[in-house]
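Descriptive structure summary
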Amino acid sequence: MRTPALQRAEPRRDTRAEVDREAIRSNVRTIRAAIPASAAFMAVVKADGYGHGAIAAAEAGLAGGADSLAVAFLSEALQLRRGGIRAPILVLTPIPPGEAPIAAEWDVMLTVASAAWMAEARSFKNPYSPAKIKVHVKLDTGLGRLGLRERGEWEALVPLLAARDVSVEGAYTHLATAGGKDTAYVETQIRRFREMTGWIEASGIRPRRYHCAGSAAALRFPELAMDMVRFGAAMYGFCDPRWMPPGGLRPALRLTSRLVQAKYVAKGERIGYDNGYAMDESGWIGTVPIGYADGWGQGLQGADVLIEGNRCPIVGRIGMDQLMVRLPRDCPAGTTVTLIGEEAGDCITCAELADRIGSVPQEISTALATRVERMYK
Ligand SMILES: *Cc1c(COP(=O)(O)O)cnc(C)c1O
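Residues numbered from 1 in each chain as written. Predicted model: local features only at pLDDT ≥ 70, side-chain atom pairs only at ≥ 80, totals over all residues. Heavy atoms only, no water.

Across the sheet, which stays open at both edges, the eight strands sit in the order β4-β3-β2-β9-β8-β7-β6-β5 with parallel pairing between neighbours. In this open sheet, the two strands that pair with only one neighbour each are β4 (89-91) and β5 (110-112). Neighbour-to-neighbour, the strand axes of this sheet turn through a mean angle of 30°, independent of strand direction. Sheet topology places strand β7 (residues 166-172) next to strand β8 (residues 209-213); three bridges connect them, and they run parallel. Looking across to β8, one finds that G170 is bridged to R209. This element, helix α7 (residues 115-124), spans β5, β6 (133-138) and β7 of the sheet and lies at about 175° to β6. (Pairing = 2+ DSSP bridges. Helix = DSSP H or I, 4+ residues; strand = E, 2+ residues; numbered from the N terminus. Axes fitted to C-alpha atoms, helices over the stretch in contact; angles between N-to-C directions. Contact = heavy atoms within 4.5 Å.)

Rendered as structure tokens:
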């Protein structure tokens, strides 16, 4: 028979992510101090706050001095509104035009990347609602992703933007090579941006803010801050050391688990699916309850975890729910395993893990599944 208390019990996994809200808040403060005071700060909290939790990241960012927020999709914006967030929010990708009235009702700013989209979005607008469609115009200066490229496309948009139910809050572009070695392409994009903003000024439309810089561009080239900067990566502590702001940024996420079992395995024995690893000498193997379904993909085979202050490599194929590590000695079940974060003076960063899979730190943090509970400090 099940007792009521046990029916109510919430089982907790040993694998969990600790999010340090104070780190996000202090990172935003640190960044603010490093960029021109005239630039507004937009905190990018898309993809569940880069995996840290959207509402927690938004609240911490605003507490640290951010003026507004950005997300990728309207559903993410509504999650913030329903969570009580009142700050301005920009959706960075064009939404289905039929959803523009929802955005207007919730006071969410949208990205317009074509005249056709703007016309359609206005056609859905409730003519009796006083809420305007607030937009930022996206200009494609060379990323090749979203936005207007030709002057004709801009001219087609002008009459639609001039309508009374539309408010042009901004015009922006996104840079392709802000962290790259060669800065010539950044200059090319900025030159095109200036040319396009010339079209805008000539047509009499007055966007409230021009902006072009994400984390890398804004920290590396403060002169690109313009009226606003859009900070994602850096607010979570992801930043190339070469343009780290004075005082440094702190990682805000720690991922830990616990050993389920340790076993002594003889030389020549195989570990994991497909016999992916063979013991080159006898030794201790530990099993950790995290796998690719948690966002710890098979590309991380060979990466280290920290156990009792030692770096222990992941050996054999990573499974859906579990992986194995090579231990320096016997360790009891329950021993803490640090997958991201500091332990005994050593530290595993998202950047280190990202290097292994040929990506950026935010791919590691955003991959963490909802199955990994976030605990907030
Ligand atoms: C995600 C995103 C950002 C934030 O970029 P970071 O490099 O994480 O700071 C800024 N602008 C746009 C358009 C984005 O999509």
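Right, let's get into the packing of aromatic side chains. Under the definition given, this model contains four aromatic pairs. Considering the side-chain rings of F41 and F231, the 5.1 Å spacing of their centres and the 15° angle between planes classify their relative orientation as stacked. In this pair, F41 sits in strand β2 (residues 40-44) while F231 sits in strand β9 (residues 228-231), placing the two residues 190 residues apart along the sequence. Take F41 and F231: they sit in the same class, and that class is buried. Taking the centre distance of 5.4 Å and the plane angle of 65° together, the rings of Y264 and W284 count as edge-to-face. Separated by 20 residues along the polypeptide, Y264 in strand β11 (residues 261-265) and W284 in strand β14 (residues 283-288) bring together distant segments of the chain. On the accessibility criterion, W284 (22% relative accessible area) is partly exposed. (Phe/Tyr/Trp six-rings, centres within 6.5 Å; stacked < 30°, edge-to-face > 60°. Buried < 20%, exposed > 50% of the residue type's maximum accessible area, 1.4 Å probe, protein only.)

A few words on the site of the ligand. By nearness alone, every residue bordering the ligand is listed as V44, K46, Y50, L92, R145, H174, G214, S215, R230, F231, G232 and A233. Contact distances for the ligand include 2.7 Å between an oxygen atom and a side-chain N or O atom of K46. Taken by itself the ligand offers 380 Å² of open surface, and the protein chains cover 87% of this. Counting only elements with at least two residues in the shell around the ligand, the list comes to α3 (46-50) and β9. Here the shell around the ligand is built from residues that sort into five nonpolar, four polar and three charged. (Near = heavy atom within 4 Å. Polar contact = N/O pair within 3.5 Å; in protein donor to acceptor, adjacent residues only side chain to side chain. Areas by Shrake-Rupley, 256 points an atom, 1.4 Å probe, with all protein chains shown as cover. Nonpolar A, V, L, I, M, F, W, Y, C, P; charged D, E, K, R; others polar.)

It is worth spelling out the domain arrangement of the protein at this point. On domain assignment, one finds that the protein holds domain 1 (21-243) and domain 2 (253-376). With centres defined by C-alpha atoms, the gap from domain 1 to domain 2 works out at 37 Å. Each partner contributes residues to the interface: domain 1 has nine residues there, and domain 2 has eight residues. Between domain 1 and domain 2, the buried area comes to about 750 Å², and carbon and sulfur atoms account for 66% of it. By the criterion of area lost to domain 2, the three top residues of domain 1 are G51, H52 and F238, representing 55% of everything that side buries. For the interface between domain 1 and domain 2, the tally reads three residue pairs in polar contact (both at pLDDT 80 or more). Taken together, the residues of the side of domain 1 that touches domain 2 sort by class into five nonpolar, three polar and one charged. (Domains from an automatic or database assignment. Buried area = accessible area lost by both parts, 1.4 Å probe.)

Next up on the list: the nonpolar core. Of all hydrophobic cores here, the largest spans 118 residues; its most connected members are M118, V135, V137, W154, L157, L161 and W296. When residues of this core are assigned to their parent elements, the largest contribution, six residues, is made by helix α9 (residues 184-202). Taken domain by domain, the makeup of this core includes at least three residues from each of domain 1 (21-243) and domain 2 (253-376). Other than its neighbours up to four places away in sequence, W296 contacts L255, I290, G291, I314, I318, L323, L339, I340, L353, I364 and L368. Listed in part, the seven residues of the second largest apolar core include V265, Y277, I285 and V315. (Core = buried A, V, L, I, M, F, W, Y, C linked by side-chain atoms within 4.5 Å.)

This brings us to the environment of E201. For E201, the position within the fold is in helix α9. Residue E201 is classed as partly exposed on the basis of its relative accessible area of 35%. If near-sequence neighbours (up to four positions away) are discounted, E201 is found in contact with R206 and Y210.

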